[in-house]
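# Structural overview
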Amino acid sequence: MIKLFSLKQQKKDGESSPRTGNQKKASAAQLRITKDVHNLQGFYRTGRFVFSFKVGPNYPHEPPKVKCETQVYHPNIDQQGNVCLNILREDWKPVLTINSIVYGLQYLFLEPNPEDPLNKEAAEVLTNNRRLFEQNVQKAIRGGYVGGIYFDRCLK
């Protein structure tokens with residue numbers, strides 16, 4: 001389910017009421033999207049993860065800013081929710097869409113990439129001990145401590 005929050009719609013809704021004070025005009029090009037990613041396969045099959053997308057005024061020439069709002073034990077997502085996905089950086093092209101990013105995120109959950117990590121500890125565990133990595137992922141999804149960090153429950 002994708003929820004769209006358009007500043008353009010907020011502006012439109014605000015036109016019916018009189019303007020007060022020093023309100024800034026919102027750009028029609030700004031957009032916020034929240035996407036639940038679930039029904040995954042692999043290590044993360046039992047989890048449900050929420051991502052936020054901030055689409056700026058230069059989209060599609062610049063990629064949206066994507067954050068994982070659910071704390072997750074993943075080599076390519078850090079504790080602040082930053083996501084390491086090549087199409088959000090050097091491989092971005094204006095023909096790519098939000099759906100392209102969602103597919104990329106789903107693939108990232110299916111095949112975590114320890115070669116380009118944001119969470120180096122998770123990447124090291126994945127590389128050296130896949131069984132321990134899977135146990136850590138399940139512990140984090142069920143809610144609990146992994147490596148001294150507490151993860152909230154995010155079961156689907």
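So, how was this worked out
Residues numbered from 1 in each chain as written. Predicted model: local features only at pLDDT ≥ 70, side-chain atom pairs only at ≥ 80, totals over all residues. Heavy atoms only, no water. Helix = DSSP H or I, 4+ residues; strand = E, 2+ residues; numbered from the N terminus. Buried < 20%, exposed > 50% of the residue type's maximum accessible area, 1.4 Å probe, protein only. Areas by Shrake-Rupley, 256 points an atom, 1.4 Å probe, with all protein chains shown as cover. Core = buried A, V, L, I, M, F, W, Y, C linked by side-chain atoms within 4.5 Å. Contact = heavy atoms within 4.5 Å. Axes fitted to C-alpha atoms, helices over the stretch in contact; angles between N-to-C directions. Parallel < 35°, antiparallel > 145°, perpendicular 65-115°, else oblique. UniProt positions renumbered as here; feature names shortened; annotations may be inferred. Pairing = 2+ DSSP bridges. Phe/Tyr/Trp six-rings, centres within 6.5 Å; stacked < 30°, edge-to-face > 60°. pLDDT = per-residue confidence, 0-100.

### Description of the overall build of the chain
Assigned secondary structure in the chain consists of four helices and six strands. Scored against the burial criterion, the 156 residues of the chain give a buried share of 36%. For the chain, the exposed area adds up to about 9,700 Å²; of that, 49% sits on carbon and sulfur atoms.

### As for the nonpolar core
Side chains of a nonpolar character, in soluble globular proteins, are inclined to be buried together. Counting residues in hydrophobic clusters, the biggest one holds 36 residues, and the most contacted among them are Y44, F51 and V83. Elements represented by at least two residues in this core include exactly β2 (31-37), β3 (49-55), β4 (65-68), α2 (98-110), α3 (120-128) and α4 (130-142). Broken down by element, the residue count for this core peaks at six residues, all from α2. Discounting chain neighbours no more than four positions away, the residues touching F51 are I33, T34, K35, V37, V66, K67, C68, E69, I77, V83, L105 and F109.

### A word on the packing of α3 against α4
When two helices pack together, their arrangement is given by the angle between the helix axes and the distance between those axes. Taken N-terminus to C-terminus, the directions of α3 and α4 make an angle of 135 degrees; their axes are 5 Å apart at the nearest point. On the basis of their axis angle, the class for α3 and α4 is oblique. For the pair α3 and α4, the contacting residues are A122, V125, L126 and N128 in the first and R130, L132, F133 and N136 in the second.

### A look at the UniProt feature "active site" (unreviewed entry) in the chain
Look at the UniProt record and you will see "active site" (unreviewed entry) annotated at C84. Tracing the chain through its elements places C84 in the loop between β4 and α2. Residue classification places C84 among the buried residues on the basis of a relative accessible area of 7%. With near-sequence residues (within four places) excluded, C84 lies in contact with N76, R89, L108, D116 and L118.

### Observations regarding the pairing of β4
Alternating residues of β4 divide into V66 and C68, all buried, and K65 and K67, none buried. Bridging between β3 and β4 involves four bridges; their strand directions are antiparallel. Pairing of S52 across the sheet is with K67, part of β4.

### Some words on the packing of aromatic side chains
Counted by the stated rule, this structure contains nine aromatic pairs. Taking 6.0 Å as the distance between ring centres and 75 degrees as the angle between the ring planes, the aromatic pair formed by Y44 and F49 counts as edge-to-face. Here the two residues Y44 and F49 agree in accessibility, since each one is buried. Aromatic rings pair up to connect F43, Y73, F133 and F151 into one cluster.

### Some thoughts on the confidence of the model for the chain
For the chain, mean pLDDT is 86; residues scoring 70 or higher make up 81% of the total. Here residues 1-12 scores under 50 on pLDDT; set against residues more than four positions off or in separate chains, the count is 20 contacts. Long-range and interchain partners of residues 14-26, a stretch whose pLDDT sits below 50, account for four contacts in this model, where long-range means more than four residues apart.

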